[in-house]
Amino acid sequence: MTTTKTIQSALISVFSKDGLEPIVRKLHEQNVTIYSTGGTEEFINNLGISVVPVEEVTSFPEILGGRVKTLHPKIFGGILNRQDNETDVAQMKDFEIPQIDLVIVDLYPFEKTVASGASEQEIIEKIDIGGISLIRAAAKNFKDTVIVASVNEYSLLLDYISTQNGATTLEQRKLLASKAFHVSSHYDTAIFNYFNTDETIFKTSISEGQILRYGENPHQKGFFFGEFDKMFSKLHGKELSYNNLLDVDAAVNLILEFKNNEPTFAILKHNNACGLATRSTMQEAYLAALAGNPTSAFGGVLIANGKIDSATANEINSLFCEVVIAPSFDEEAIAILSEKKNRIILVQHDVELPNSQVRTCLNGLLVQDRNNITDSESDLKTVTNTAPTEQEIADLLFASKICKNTKSNTIVFAKNSTLVASGTGQTSRVDALKQAIEKAQTFGFDLNGAVMASDAFSLFRTVSKLPITLGLRLLFSLEAR
């Protein structure tokens, strides 16, 4: 028996009618019998195309306010029958069940209804029953039935029936079935997560993904799953790599700490800040951040908490950097930064980040709450005879924000709203401290009057024993959360 099948009948029942008209017209042109329900039936009639109401097939009206429309043996028998099975063929004839070759259906917008803040009753009514059943039935019987479960597949179906005179191959039907099961599983996961109160059960489904050039190393495959376009508008540059995305993630989390501050600019390399400063203008903030470690800034990811203007862009343009991120850019700034064809320019949108963080671990996953705590002045306690000045307190809080977003073990020196130096990702906090001091001295920073933040225990005894003359007037330590 041939695996190529020509569509002779279709059941169409959708919530959204967007993009449906070209398909309906093409099916009508190919003399396909169309069955439909409710609003979809009315939509097709308004196109001047004949349509058979489902009630004429089932001899049963739509009931319970539309909760029951297509749930009937004459509908599901038409979808699920096996055309190469003699018993199925005989029962189709005995019970006068019409063959249904194509099912086009979408689902009530459950996730959008939840996101809108609707009442529980409104949300419950958006749990689709008939639609999800039609999807599963048609996808299960892909050998004989075509299923289109999303507007995203309309163009694919239209291409198939236009170029193949209404026919589909087994491979094409199986592809559409896999896409349909993706739709149904994602939908069920969203419903489960709405109801779930057991924190020991974890289910997630991300409906969008993209293939990256490679993973962390060229021999590794890499993928990103998520709605990147909701977070950013990409204005220019090459495709982001796996490592680019990790740096962008670190940059976004870091600059979030300074969201409502004066102009702040950060430069990151390998997920850690190598420069960060707050100033009265973005240009000054960038130059101060760059001065913190101009060596590491090469090839880094740059991010600002406000608009990047042409003056700032001119300064940035002399640096080789992979990515530049800001909430907005002047038109002239975009033109300047676009002079480097591979430089990635991203406009960051104000999108809330997930409340949970997930990573693989052993043969499973680790999940934790996002660290949303940022130290404030009320968290500080003076335990020395000499109290810190207002500027030193401000610098301590500034350093704490950086320390929170730096790989452990870390030590951060800050002074006058500037990252002076940091020791990052060391196996001991003593090594991190030594590294930070060496960096500060290498780039000509005076640590006199600087403050220090540590991501764990303080190191006053270690500082006093270091064979290095620091010339510190006052050194406060804050253990960053």
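Above this note sits the structure.
Just so it is clear, the structure is predicted and the values come from calculations on it, not from any experiment.

Let's talk about the sheet that holds strand β5 (residues 102–105)
- In spatial order, the strands read β4-β3-β2-β5-β6; together these five strands make up an open sheet with parallel pairing. Looking at which strands have only one partner, the edges of the open sheet turn out to be β4 (52–53) and β6 (146–148).
- Pairing between strand β2 (residues 9–13) and β5: four bridges, direction parallel. Opposite Ile12, over in β5, you have Ile104 as the bridge partner.

Details of the sheet that holds strand β15 (residues 344–348)
- In space, the six strands of this open sheet follow the order β10-β15-β14-β13-β11-β12, with mixed pairing throughout. Each edge of the open sheet is held by one strand with a lone partner, namely β10 (232–236) and β12 (272–278). Looking at each pair of strands side by side, their axes are set apart by 20 degrees on average, direction ignored.
- Here helix α12 (residues 242–256) sits on the sheet and contacts β10, β11 (264–269), β12, β13 (300–304), β14 (321–326) and β15; the angle it forms with β11, its principal contact strand, is near 150 degrees.

Things to note about the packing of aromatic side chains
- According to the stated counting rule, one finds ten aromatic pairs in the structure shown.
- Taking 5.7 Å as the distance between ring centres and 70 degrees as the angle between the ring planes, the aromatic pair formed by Phe15 and Tyr108 counts as edge-to-face. You can see Phe15 sitting in the loop between β2 and α1 (21–29) and its partner Tyr108 sitting in the loop between β5 and α6 (110–115), a full 93 residues away along the chain.
- Residue classification places Tyr108 among the partly exposed positions, given a relative accessible area of 24%.
- Centroid distance Phe228 to Phe232: 5.0 Å. Interplanar angle 35 degrees. Geometry classified as tilted. Across the pair, Phe232 and Phe228 agree in class, each one buried.
- Through a chain of ring-to-ring contacts, three or more aromatic side chains come together here, namely Phe110, Tyr187, Tyr194 and Phe195.
- Geometry around Phe192 places Lys203 over its ring, the cationic atom sitting 5.5 Å from the centre.

Focus on helix α2 (residues 38–46)
- Within the sequence span of α2, burial applies to Thr40, Glu41, Phe43 and Ile44. Projected down its long axis, α2 carries its buried residues within an arc of 160 degrees, all on one side. Facing away from the buried side of α2 by more than 90 degrees, the exposed set consists of Glu42 and Asn46.
- Considering only its buried residues, α2 is in contact with β2, α1, β3 (33–36), β4 and α3 (54–58).

Quick notes on the environment of Gln210
- As for its placement among the helices and strands, Gln210 is situated in strand β8 (residues 209–211).
- Residue Gln210 is classed as partly exposed on the basis of its relative accessible area of 34%.
- C-alpha separation for the pair Gln210 and Phe223, spaced 13 residues apart in sequence, amounts to 5.7 Å.
- Dropping the residues within four chain positions of it, Gln210 is found in contact with Gly222, Phe223, Phe224 and Phe228.

Observations concerning a nonpolar patch on the surface
- The grouping of Phe202, Val358, Leu365 and Val367 at the surface amounts to a nonpolar patch, some 340 Å² of accessible area in total.
- Here Phe202 is to be found in the loop between α10 (170–195) and β8.

Considering the pattern of salt bridges
- Summed over the entire model, instances satisfying the criterion amount to eleven salt bridges.
- Here Asp144 and Lys5 are joined by a salt bridge, their closest N and O atoms 3.3 Å apart. Of the two residues, Asp144 sits in the loop between α8 (130–140) and β6 while Lys5 sits in strand β1 (residues 5–6), which places them 139 residues apart along the sequence.
- Take Asp144: its relative accessible area is 7%, and that puts it in the buried class.
- Across the pair Lys259 and Asp350 runs a salt bridge whose closest N-O atoms are separated by 3.0 Å. Of this pair, Lys259 sits in the loop between α12 and β11 while Asp350 is found in the loop between β15 and β16 (356–361), placing the two residues 91 residues apart along the sequence.
- What makes Asp350 exposed here is its relative accessible area of 67%.

A look at the nonpolar core
- In terms of nonpolar packing, the biggest core is built from 34 residues, with Phe232, Val248, Leu276, Ile303, Ile325, Leu346 and Ile402 touching the most fellow members.
- Examining the composition of this core, we find that seven residues originate from one element, α12, more than from any other.
- Residue contacts for Leu276: discarding those within four places in its chain leaves Leu254, Phe258, Thr264, Phe265, Ala266, Ala289, Phe398, Ile402, Ser417, Thr418 and Leu419.
- Residues Phe76, Leu107, Ala138 and Ala177 belong to the second largest nonpolar core, which totals 28 residues.

Describing the side chain of Asp247
- Here Asp247 lies in helix α12.
- Summary of buried charges: Asp247 has no salt-bridge partner, and the nearest side chain of opposite charge, Lys269, is 7.9 Å away.
- Among the polar contacts listed, one links the side chain of Asp247 to the backbone nitrogen of His270, at a separation of 3.3 Å.
- Excluding residues within four positions of it along the chain, Asp247 makes contact with Lys269, His270, Asn271 and Val301.

A word on helix α9 (residues 154–163)
- What α9 keeps buried is the set Tyr154, Leu157, Tyr160 and Ile161. Along α9, the residues classed as buried sweep out an arc of 130 degrees about the axis, all on the same side. The outward face of α9, more than 90 degrees from its buried face, is lined by the exposed residues Ser155 and Thr163.
- Each element contacted by the buried residues of α9 is listed here: α1, β5, β6, β7 (167–168) and α10.
- With its phi angle positive at about 55 degrees, Asn165 sits one or two positions after the end of α9.

Conventions used here
- Residues numbered from 1 in each chain as written.
- Predicted model: local features only at pLDDT ≥ 70, side-chain atom pairs only at ≥ 80, totals over all residues.
- Heavy atoms only, no water.
- Pairing = 2+ DSSP bridges.
- Helix = DSSP H or I, 4+ residues; strand = E, 2+ residues; numbered from the N terminus.
- Axes fitted to C-alpha atoms, helices over the stretch in contact; angles between N-to-C directions.
- Contact = heavy atoms within 4.5 Å.
- Phe/Tyr/Trp six-rings, centres within 6.5 Å; stacked < 30°, edge-to-face > 60°.
- Buried < 20%, exposed > 50% of the residue type's maximum accessible area, 1.4 Å probe, protein only.
- Lys NZ or Arg CZ within 6 Å of the ring centre and 35° of its normal.
- Arc of directions from axis to C-beta.
- Patch = residues over 30% accessible without salt bridge, like charges linked within 9 Å, V, L, I, M, F, W, Y side chains within 5 Å.
- Areas by Shrake-Rupley, 256 points an atom, 1.4 Å probe, with all protein chains shown as cover.
- Salt bridge = Lys/Arg side-chain N within 4 Å of Asp/Glu carboxyl O.
- Core = buried A, V, L, I, M, F, W, Y, C linked by side-chain atoms within 4.5 Å.
- Lys, Arg positive; Asp, Glu negative; His and termini not counted.
- Polar contact = N/O pair within 3.5 Å; in protein donor to acceptor, adjacent residues only side chain to side chain.

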